[in-house]
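Examining the three-dimensional arrangement
Chain by chain, the residues:
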Amino acid sequence: MKRPIGIIDSGVGGLTVAKEIARQLPKEEMIYIGDTARCPYGSRPSQEVRAFTWEMIERLLDENIKMLVIACNTATAVVLEEVREALSIPVVGVVQPGAIAALKVTTRNHIAVIGTEGTVTSGAYVKALEMINEKVKVESLACPAFVPLVEQGTYNREETYKIVKKSLDPLFGVSFDTLILGCTHYPLLHDVIQSVVGDHISLISSGEETAREVSTILNYKELLCTGIRTPRHTFYTTGSTKRFAAIANRWMEGAVTEISKLSLGNTASFSME
Ligand code: I24
Ligand code: DGL
């Protein structure tokens, strides 16, 4: 089945999901769109997130994708349901896989979830968790400081520990046992977050679980690539291809094949190239 898997995100953060997909499914071809010019989505009104997300999806449908992965937590939280209803191909978001993974490991059914303002406000994780287990207790916290922290590349420093500790302060004294990293960027802060909350808390990265879900669905629908071949991936960015390439090549470790510029909506005027 030579059709590619389509992946969309607000920017480069979804590469954490793409990398997991490439690792678990090395024969699958990916087409990725990162809306870097209009990133971040996390603090935008939901109608804007909805419109931008649909623009990316429409572009990918022209590429004959066999499946769509909404790698952005904010976009998943806001538009997944309506996208699923509208498309005939399987659509996977990052929220439900994260919720299922958390419910698999929680020992006392008490889960905390951190994400962008958009993700937390939508209540998408709470809904996904309660849908599977109505007795679950959920704490939600927006951590708007985390995305800039990762993007500044300061995710290993002493100062980072302080900012993470301060952001997670509202969760102190709350007896959750599992913490969902409900944002594409947060896995890069995994070790810092773990040291702040303590080793007794299980951290869940949605990206890893999402790749597993992609694998399960492609297998079930008999859509997996099985031949002997190395796939060629394509990455589109609405922003600077140079800056996107610098991050993608470092993060994807050689898996990047081609990076192109894409215009969506009025993103041409956002461009800094
Ligand atoms: N990490 C992210 N975003 C950035 C960045 C980064 N700059 C350095 N690093 N910039 O997200 C966002 C805005 N850019 C994007 C590209 O086009 C122009 C605007 C996290 C990426 C997670 C896959 C640090 C850095 C890196 C490589 C890999 C990981 C990483 F350079 F955190
Ligand atoms: N991709 C977004 C998410 O996972 C984080 C970056 C943004 O706010 O756009 O929620």
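These remarks concern the structure in this document. (Residues numbered from 1 in each chain as written. Chains lettered and ligands numbered in written order. Predicted model: local features only at pLDDT ≥ 70, side-chain atom pairs only at ≥ 80, totals over all residues. Heavy atoms only, no water.)

Some thoughts on helix α11 (residues 241-252)
Taking 1.5 Å of rise per residue, 12 residues should cover 16 Å, and α11 covers 15 Å from first to last C-alpha, within 8% of that figure. By the burial criterion, the buried members of α11 are Phe 244, Ala 245, Ala 248 and Met 252. Here the buried residues of α11 occupy an arc of 100° about the axis, which is enough to place them on one side. Across from the buried face of α11, at angles greater than 90 degrees, the exposed residues are Lys 242, Arg 243, Ala 246 and Arg 250. Buried residues along α11 sit against α1 (15-24), β2 (30-34), β9 (234-237) and β10 (258-261). The N-terminus of α11 is capped by Ser 240, whose side-chain oxygen sits 3.3 Å from the backbone nitrogen of Lys 242. Downstream of α11 by one or two residues, Glu 253 has phi in the positive range, about 50°. (Helix = DSSP H or I, 4+ residues; strand = E, 2+ residues; numbered from the N terminus. Expected span 1.5 Å × (residues − 1). Buried < 20%, exposed > 50% of the residue type's maximum accessible area, 1.4 Å probe, protein only. Arc of directions from axis to C-beta. Contact = heavy atoms within 4.5 Å. Polar contact = N/O pair within 3.5 Å; in protein donor to acceptor, adjacent residues only side chain to side chain.)

What to know about the packing of helix α4 (residues 95-105) against helix α6 (residues 124-132)
Following both chains from N to C, one finds α4 and α6 inclined at 50°, their axes separated by 9 Å at the closest point. In terms of orientation, α4 and α6 fall into the oblique class. Between α4 and α6 the crossing geometry is right-handed. Residue-level inspection shows Val 95, Ala 99, Ile 100 and Leu 103 of α4 in contact with α6, the latter providing Ala 124, Tyr 125, Ala 128, Leu 129 and Ile 132. Here the residues of the contact of α4 with α6 are counted per class, giving 9 nonpolar, no polar and no charged. (Axes fitted to C-alpha atoms, helices over the stretch in contact; angles between N-to-C directions. Parallel < 35°, antiparallel > 145°, perpendicular 65-115°, else oblique. Left-handed = near helix turned anticlockwise from the far one by under 90°. Nonpolar A, V, L, I, M, F, W, Y, C, P; charged D, E, K, R; others polar.)

The values are spatial; any link to function lies outside them.
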